[in-house]
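Chain and residue survey
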Amino acid sequence: MTTIRRFCCNDLLRFASVNLDHLTETFNMSFYMTYLARWPDYFHVAEGPGNCIMGYIMGKVEGQGESWHGHVTAVTVASEYRRQQLAKKLMHLLENISDKIDKAYFVDLFVRASNMPAIKMYEKLGYVIYRRVLRYYSGEEDGLDMRKALSHDVDKKSMIPLKRPITPNELEYD
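So, how was this worked out
Residues numbered from 1 in each chain as written. Predicted model: local features only at pLDDT ≥ 70, side-chain atom pairs only at ≥ 80, totals over all residues. Heavy atoms only, no water. Pairing = 2+ DSSP bridges. Helix = DSSP H or I, 4+ residues; strand = E, 2+ residues; numbered from the N terminus. Axes fitted to C-alpha atoms, helices over the stretch in contact; angles between N-to-C directions. Contact = heavy atoms within 4.5 Å. UniProt positions renumbered as here; feature names shortened; annotations may be inferred. Phe/Tyr/Trp six-rings, centres within 6.5 Å; stacked < 30°, edge-to-face > 60°. Buried < 20%, exposed > 50% of the residue type's maximum accessible area, 1.4 Å probe, protein only.

As for the sheet that holds strand β7 (residues 141-149)
Read across the open sheet, the seven strands follow the order β1-β2-β3-β4-β5-β7-β6; overall the sheet is mixed. Bordering the open sheet on either side are β1 (3-6) and β6 (128-137), each of which pairs with just one other strand. Recorded for the sheet is a direction-independent mean angle of 25° between the axes of neighbouring strands. Sheet topology places strand β2 (residues 43-48) next to strand β3 (residues 52-62); six bridges connect them, and they run antiparallel. Bridge pairing links A46 to G55 in β3. Running over the sheet, helix α2 (residues 86-101) touches β1, β2, β3, β4 (69-77), β5 (106-112) and β7 and is turned about 160° from β4. Strands in contact with helix α3 (residues 116-124) are β4, β5, β6 and β7; relative to β5, the strand with the most contacts, it is inclined by about 165°.

So, in structure tokens, the structure goes:
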């Protein structure tokens, strides 16, 4: 049986094996601690039998006005637990928090342009490619900014794709 619960400090010592996938970004400990302290509602773990960490999602809420949105910083599932819809459940959890609690207009995420399995999964979840960010990953690989409109974006303006790619220095950060 899988349990999805809030991420806690002790999980920081237990989740390294989930990050072994070469497509998963691994951050330093203070980065994870900042997310845990500032956006605890956006940091969840899927835990299996024997308290084994199967996957996690971490994100935040940011922006202003119609740019107020939930952001998926990382979502990953250990390879042995894939194809069980864990990522889908974690994504829906973050989307619901963004929509119902924080009244966000959309959820966005960045994905490597070469990560076709993830892109296909996000498309199945209702995300569209909003824009391409040139050399987003380590100055080498392009990233795709994908978005999904939430209930507050009635006209779905947040999903209208940009016509040209941008560079990382053109991104807006809060």
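Section: the environment of L36
Tracing the backbone shows L36 in helix α1 (residues 29-38). Each C-alpha atom, one on L36 and one on K60, is 9.7 Å from the other, the two residues being 24 residues apart in sequence. Beyond its immediate stretch of four places on either side in the chain, L36 contacts F7, C8, C9 and F43.

Quick look at the UniProt feature "domain: N-acetyltransferase" (unreviewed entry) in the protein
Under the UniProt annotation, the feature "domain: N-acetyltransferase" (unreviewed entry) is placed at residues 2-151. The distance separating the terminal C-alpha atoms of residues 2-151 is 29 Å; by composition the span is 23% helix and 37% strand.

Details of the packing of aromatic side chains
Throughout the structure, instances matching the rule amount to 14 aromatic pairs. Measuring from centroid to centroid gives 5.0 Å for F15 and Y32, while their planes differ by 85°, and the two rings are edge-to-face. With F15 in the loop between β1 and α1 and Y32 in helix α1, the pair connects residues that are 17 residues apart, well separated along the chain. Judged by relative accessible area, Y32 falls into the buried class, the value being 2%. Considering the side-chain rings of F43 and Y56, the 6.4 Å spacing of their centres and the 50° angle between planes classify their relative orientation as tilted. You can see F43 sitting in strand β2 and its partner Y56 sitting in strand β3, a full 13 residues away along the chain. Looking at F43, the relative accessible area reads 0%, which means it is buried.

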